[in-house]
Amino acid sequence: MSPPREDGRIGIAVLGSTGSIGLQTLSVIDEHVDRFRVVALAARTASERFLGQVSRYSPEVAAVFEWNPALAESREGIALGIDGLVDVSTHPSVDIVV
């Protein structure tokens, strides 16, 4: 594991943030905000839940494999496709990928 960053917190990328393991990971981060911070979020498909997570955690990078056209929300700031998912996984502020 990498050492903590300047603010002392470890940067986490959560792949599949809307799924069971992703939700559990975010729950643990919420309980330890002094130790961890959400740097990146990714999900297979954009959803209201995912957009809520992006709003709540304000990650440096967020990505979905595919956009849900039924969402009226703007996808500004959310990367799409495999390149976006790679960006989430390899972002320089990420210390741990879950």
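Scroll up for the structure.
Residues numbered from 1 in each chain as written. Predicted model: local features only at pLDDT ≥ 70, side-chain atom pairs only at ≥ 80, totals over all residues. Heavy atoms only, no water.

(A) Structural context of the pattern of salt bridges. By the definition in use, this model includes three salt bridges. Where D7 meets R9, a salt bridge forms, and the shortest distance between an N and an O atom there is 3.1 Å. Put simply, R37 and E60 hold a salt bridge, and the shortest N to O gap is 3.0 Å. One end of the pair, R37, is in strand β2 (residues 36–45); the other, E60, is in the loop between α2 (48–57) and β3 (61–66), with 23 residues separating them in the sequence. (Salt bridge = Lys/Arg side-chain N within 4 Å of Asp/Glu carboxyl O. Helix = DSSP H or I, 4+ residues; strand = E, 2+ residues; numbered from the N terminus.)

(B) Expanded view of a nonpolar patch on the surface. Taken together, the side chains of F65, I82 and V86 make up a nonpolar region of the molecular surface, amounting to roughly 270 Å² of accessible area. Along the chain, the position of V86 falls in helix α3 (residues 81–90). (Patch = residues over 30% accessible without salt bridge, like charges linked within 9 Å, V, L, I, M, F, W, Y side chains within 5 Å. Areas by Shrake-Rupley, 256 points an atom, 1.4 Å probe, with all protein chains shown as cover.)

(C) Focus on the sheet that holds β2. An order of β4-β3-β2-β1-β5 is seen for the five strands of this open sheet, with the pairing classed as parallel. Where the open sheet ends on each side, the last strands, each with one partner, are β4 (78–80) and β5 (96–97). Across six bridges, the pairing between strand β1 (residues 10–15) and β2 is parallel. Its bridge partner lying in β2, I10 is registered against F36. (Pairing = 2+ DSSP bridges.)

(D) Layout of the packing of helix α1 (residues 20–31) against α2. It is the contact of α1 with α2, at a shortest axis distance of 13 Å, that shows an interaxial angle of 20 degrees. It follows from the interaxial angle that α1 and α2 lie roughly parallel. The crossing of α1 and α2 is left-handed. Taken together, the residues of α2 that come into contact with α1 (itself represented by L23, L26 and D30) are R49, Q53, R56 and Y57. For the contact of α1 with α2, the residue count by class is three nonpolar, one polar and three charged. (Axes fitted to C-alpha atoms, helices over the stretch in contact; angles between N-to-C directions. Parallel < 35°, antiparallel > 145°, perpendicular 65-115°, else oblique. Left-handed = near helix turned anticlockwise from the far one by under 90°. Contact = heavy atoms within 4.5 Å. Nonpolar A, V, L, I, M, F, W, Y, C, P; charged D, E, K, R; others polar.)

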